[in-house]
Amino acid sequence: MQKSPNYTLYFWLVAIGLVIAKIIFTLRPEMDLFTEEAQYWLWSRNLAWHYYSKPPLVSYLNLISTSIFGVTELAVRFNALIFGLGTSWVVYRFGTYLYSEKVGFWASIILQAMPFWWLISTFHTTDSSLTFFWTLTIFWLYKANMEKGTKWWILAGLAAAVGLMAKAVMLLAFPFLFLFILQEGTIGKKWKKMLLFYLIMSIGFVPVLVWNFQHDFNTFKHLANLAGAGEATESVPFSISEALAQFFEFLGGQLAMISIFLLPLAFMTIKNVFKSRSQDKIFLILPAFLTFVGFAFLSFLTEILVNWPIFSYVGLPILISAWVVNQSEKWLKIRNWAVGISICLPLILILPDFTFFKSIPPIKKGEKQLFRRMSGYDPLSKRVDFLQDSLNLKDVFIFSETYHMASELSFYLKDHPQTYMLNMGARRNQFDLWPGMDQFVGKNKTGIFVSWNYDSPGEFAHFDSLLYEEEFEVFLVGEPLRTAKIQVWRNLEAFDPYVPLNY
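Residues numbered from 1 in each chain as written. Predicted model: local features only at pLDDT ≥ 70, side-chain atom pairs only at ≥ 80, totals over all residues. Heavy atoms only, no water.

A.B. asks: Outline the overall build of the protein chain, listing residues and values.
C.D. replies: Per the secondary structure count, the protein chain includes 20 helices and five strands. In summary, the protein chain has a C-alpha radius of gyration of 25 Å against a globular reference of 23 Å for 503 residues, a match within 12%. If you line up the protein chain on its principal axes, its C-alpha atoms span 80 × 55 × 50 Å. Across the 503 residues that make up the protein chain, the buried fraction comes to 52%. Restricting to contacts in the protein chain with at least 6 residues of sequence separation, those with at least 24 account for 76%. When the accessible surface of the protein chain is split by element, carbon and sulfur atoms take 64% of a total near 22800 Å². Mean positive and mean negative side-chain charge positions of the protein chain (41 and 38 charges, respectively) differ by 15 Å. (Helix = DSSP H or I, 4+ residues; strand = E, 2+ residues; numbered from the N terminus. Rg over C-alpha atoms; globule rule 2.2 N^0.38 Å. Buried < 20%, exposed > 50% of the residue type's maximum accessible area, 1.4 Å probe, protein only. Contact = heavy atoms within 4.5 Å. Areas by Shrake-Rupley, 256 points an atom, 1.4 Å probe, with all protein chains shown as cover. Lys, Arg positive; Asp, Glu negative; His and termini not counted. Charge placed at Lys NZ, Arg CZ, Asp CG, Glu CD.)

A.B. asks: Give a description of the packing of aromatic side chains that names residues and reports values.
C.D. replies: Per the stated rule, a full pass over the model turns up 50 aromatic pairs. Grouped by ring-pair contacts, the aromatic residues F94, Y97, W134, F139, Y142, F176, F180, F283 and F311 constitute a single cluster. A cation sits over an aromatic face here: K22 above W118, 5.5 Å from the ring centre. Across from the ring centre of W452, 4.1 Å away, lies the NZ or CZ of R482, which sits over that ring. (Phe/Tyr/Trp six-rings, centres within 6.5 Å; stacked < 30°, edge-to-face > 60°. Lys NZ or Arg CZ within 6 Å of the ring centre and 35° of its normal.)

A.B. asks: Account for helix α15 (residues 279-299), naming residues and giving values.
C.D. replies: Relative to the 30 Å expected for 21 residues at 1.5 Å per residue, α15 spans 30 Å between its end C-alpha atoms, a close match to the ideal helical length. Of all bends in α15, the biggest is about 35°, found at I285, and the proline P287 comes one to four residues later. (Expected span 1.5 Å × (residues − 1). Bend = angle between axes of the 7 residues up to and from the residue.)

A.B. asks: If you had to explain the sheet that holds strand β4 (residues 461-476) to someone new, which residues and values would you point to?
C.D. replies: Read from one edge to the other, the open sheet built from five strands follows the order β2-β1-β3-β5-β4, with strand pairing classed as mixed. Every other strand in the sheet has two partners, leaving β2 (420-421) and β4 as the edge strands with one partner each. The sheet contact formed by β4 and strand β5 (residues 479-495) spans 14 bridges and is antiparallel. Directly across from Y468, in β5, lies its bridge partner V488. Running at roughly 20° to β5, helix α18 (residues 361-370) makes contact with β4 and β5 of the sheet. The sheet strands contacting helix α19 (residues 377-390) are β1 (396-400), β3 (446-451), β4 and β5, and the helix crosses β4 at an angle near 140°. (Pairing = 2+ DSSP bridges. Axes fitted to C-alpha atoms, helices over the stretch in contact; angles between N-to-C directions.)

A.B. asks: Quick one: what's the story with the environment of D496, residue by residue and with numbers?
C.D. replies: In this fold, D496 is placed in the segment after β5. Separated by 36 residues in sequence, D496 and F460 have C-alpha atoms that sit 4.7 Å apart. Here D496 is in contact with E459 and F460, once residues within four sequence places are set aside.

A.B. asks: Outline the side chain of S108, supporting the account with residue identities and numerical values.
C.D. replies: Note that S108 resides in helix α5 (residues 101-113). Under the relative-accessibility criterion, S108 is labelled buried at 0%. With residues near it in sequence (within four places) discarded, S108 still touches F11, S88, V91 and Y92.

A.B. asks: Can you lay out the pairing of β5 for me, pointing to particular residues and giving the numbers?
C.D. replies: In the sheet, β3 pairs with β5 via six bridges, with the strands oriented antiparallel. By the bridge assignment for β5, G447 is matched with W489.

A.B. asks: Lay out the environment of Y412 with the relevant residues and their values.
C.D. replies: Among the secondary structure elements, Y412 is positioned in helix α20 (residues 403-412). Judged by relative accessible area, Y412 falls into the buried class, the value being 11%. C-alpha separation for the pair Y412 and D378, spaced 34 residues apart in sequence, amounts to 5.6 Å. In this structure, Y412 is in contact with D32, L33, E73, Y377, D378, S381 and D385, ignoring residues within four places of it in sequence. One polar contact links the side chain of Y412 to the main-chain amide nitrogen of L33, over a distance of 2.8 Å. Side-chain polar atoms of Y412 contact the side chain of E73, separated by 2.9 Å. (Polar contact = N/O pair within 3.5 Å; in protein donor to acceptor, adjacent residues only side chain to side chain.)

A.B. asks: Kindly report on the nonpolar core, identifying the contributing residues and their values.
C.D. replies: In this structure, F94 and F197 are the most contacted members of the largest nonpolar core, which totals 133 residues. Per-element accounting of this core gives the leading share, 11 residues, to helix α7 (residues 126-146). Not counting the four nearest positions on each side in its chain, F94 is found in contact with I138, F139, Y142, F283, L284 and I318. (Core = buried A, V, L, I, M, F, W, Y, C linked by side-chain atoms within 4.5 Å.)

A.B. asks: Summarise the packing of helix α4 (residues 73-98) against α5; cite the residues concerned and give the values.
C.D. replies: Between α4 and α5, whose axes approach to 7 Å, the crossing angle comes to 150°. Relative to α5, α4 is oriented roughly antiparallel. The crossing of α4 and α5 is right-handed. Taken together, the residues of α5 that come into contact with α4 (itself represented by T87, S88, V91, Y92, G95 and T96) are E101, V103, G104, F105, A107, S108, L111 and Q112. Residue composition of the contact of α4 with α5, grouped by class: six nonpolar, seven polar and one charged. (Parallel < 35°, antiparallel > 145°, perpendicular 65-115°, else oblique. Left-handed = near helix turned anticlockwise from the far one by under 90°. Nonpolar A, V, L, I, M, F, W, Y, C, P; charged D, E, K, R; others polar.)

A.B. asks: Hey, could you go over a nonpolar patch on the surface for me, with residue numbers and the actual values?
C.D. replies: Judged by side-chain polarity, F238, I240, L244, F248, F297 and L301 come together as a nonpolar surface patch covering roughly 680 Å² of accessible area. The element contributing the most residues to the nonpolar patch is helix α13 (residues 240-258), with three residues. Locating F248 in the fold gives a position in helix α13. A relative accessible area of 52% places F248 in the exposed class. (Patch = residues over 30% accessible without salt bridge, like charges linked within 9 Å, V, L, I, M, F, W, Y side chains within 5 Å. Salt bridge = Lys/Arg side-chain N within 4 Å of Asp/Glu carboxyl O.)

What follows is the structure in structure tokens.
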């Protein structure tokens, strides 16, 4: 008798191999934290119930990991590695529970071939924990729907509550579950258990409400602005051409997040779902369908960032795996090639150049553009530290015109000081809610201004005199990347930042 494959072992071999590759990427000396990662790390130094744009989970995760491993890039991204691994494991278990170990294994491999999984499992953003807890929630909801008792309803509610503390979009679990049970025709039997799930899940909304009651509902205003209902968009006339451009940009981004190489499989799978209409397939596709349609509609009104809907796509790999496994050899080959190419391409991009491949000018240029927003901050911060020592500067505060630069500087500067943002035209953000530069007016302190975009603080901050300035060029793999302006100012005399009208 032929021994059956050990799919669990195969899963862990692939998954751990990809984790090692991402660790190598994180340890590349020319790669710094992504600017959003730096911002969320800075939140962990300023703990709160909630933050201007996001719930608190990401900051507490950063606090735990950096308290254990120190303030390093790997400590921050440890969270992404763990949640990415956890998401692929839950997909493996979900596919196994529904169909077979073989389907579960290939579902996890297909997931790990999708670009959106690479994003959430490499860079620690709110999507990392959101995607994990969303996947866990729908898995346990499926078990709750199929098995007797309330155990899985309670566990799913707890997972969803934690997911709500990762990102507010977890609220889409409400309409998803209701619509699924409604179309299933069992709402009369299951409404009490569904209500139990909703009540437990709602616990995760408490930090949002507490913080927003204390801060004039800033988060709700911010979300409304992102949805196209903010003050800044009220007087802008609707443009059909612009709306269509935004929609097609959204559509292209979502197809890219699934992987263009996997699109034929995805198309045939979705076609099969609508043809068969089995309840397990509807359960897996409904979250992605609802989320995609909702954001597609919003894309006509406002710009939708490519990462917003991706958490809901985790059921698609299971559907693809279940469909392909029963197809002809031709489709199996298409799956294997699509998965192989989709995994190899990001590996080539993130790993150091072990061959001549990255020396090819177009590839080198592509890498430079791709990693532009996460390079140069470490050497720039070292230069600022050097200037403080060489100029013998005391009582220093460091500021920039963006929260991106301010957050990166705080992470990479010696002793990780609290940095400040001088608003010179940006929308509101978390820095507007923290103590600002106004506390330094007339205190005879030295301010260091660092910017990629501006030559000086301009009319927004008036100092007694300019002590020193320079332009500092940073490089990526030996190629010039961009140039920062560094200015050292004495004594802030007046502080008049731009006051944003929109959220």
